[in-house]
Amino acid sequence: MGNISVNHKGKEECIKELVIDAAWPYLASEVLQEKIYSAFTLMSCAIHLNGKFQIVERVDNEDNPVIIQVLLVLKEEVLEID
């Protein structure tokens, strides 16, 4: 999925087909590489304006964007490995 979202036409298709909804659950995977591929796909889709909206529309009880929170935790996890 990540490769599809690299060019503008692919990003538009990813937004239309709600790839963000399919990719973000993999951020909770036990396999680090799956988390990284998911993050790559999400960040690539987020370059598109509607992708930004899709990423922040899922919120927790305090109106914090869930996907952004999970990405920040993943960033810390990856930094601990390096």
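Report follows, based on the coordinates. (Residues numbered from 1 in each chain as written. Predicted model: local features only at pLDDT ≥ 70, side-chain atom pairs only at ≥ 80, totals over all residues. Heavy atoms only, no water.)

What about the nonpolar core?
What tends to happen in soluble globular proteins is that the nonpolar side chains get buried as a cluster. Note the following rule: By nonpolar core we mean a set of buried residues, namely Ala, Val, Leu, Ile, Met, Phe, Trp, Tyr and Cys, connected to one another through side-chain atoms within 4.5 Å. Between buried and exposed lies partly exposed: a residue is buried under 20% and exposed over 50% of the maximum accessible area for its type, with that area taken using a 1.4 Å probe on protein chains only. Strands here are runs of E lasting at least two residues and helices are runs of H or I lasting at least four, both read from the DSSP assignment and numbered beginning at the N terminus. Residues count as neighbours in contact if any of their non-hydrogen atoms are within 4.5 Å of one another.
Ile20, Trp24, Leu27, Leu42, Ile55, Ile67 and Leu71 are the most contacted members of the largest nonpolar core, which has 16 residues in total. Counting only elements with at least two residues in this core, the list comes to helix H1 (8-16), helix H2 (19-23), helix H3 (32-45) and helix H5 (66-81). Broken down by element, the residue count for this core peaks at four residues, all from H5. Apart from the residues lying within four places of it in its own chain, the contact partners of isoleucine 55 are Ile20, Leu42, Ala46, Ile67 and Ile68.

Comments concerning the pattern of salt bridges
Stated precisely, the cut-off is as follows: The working definition used for a salt bridge is a side-chain nitrogen of Lys or Arg within 4 Å of a carboxyl oxygen of Asp or Glu.
The full count for this structure, using the stated rule, is three salt bridges. Its salt-bridge partner being arginine 58, residue aspartate 21 comes within 3.4 Å of it at the nearest N-O pair. Note that aspartate 21 is positioned in helix H2 and arginine 58 in the loop between helix H4 (49-56) and H5, a separation of 37 residues in sequence. The exposure class of arginine 58 is partly exposed, given its relative accessible area of 31%. We note a salt bridge from lysine 35 to glutamate 77, for which the minimum N-O separation is 3.1 Å. One end of the pair, lysine 35, is in helix H3; the other, glutamate 77, is in helix H5, with 42 residues separating them in the sequence. On the basis of relative accessible area, glutamate 77 is assigned to the partly exposed category, the value being 27%.

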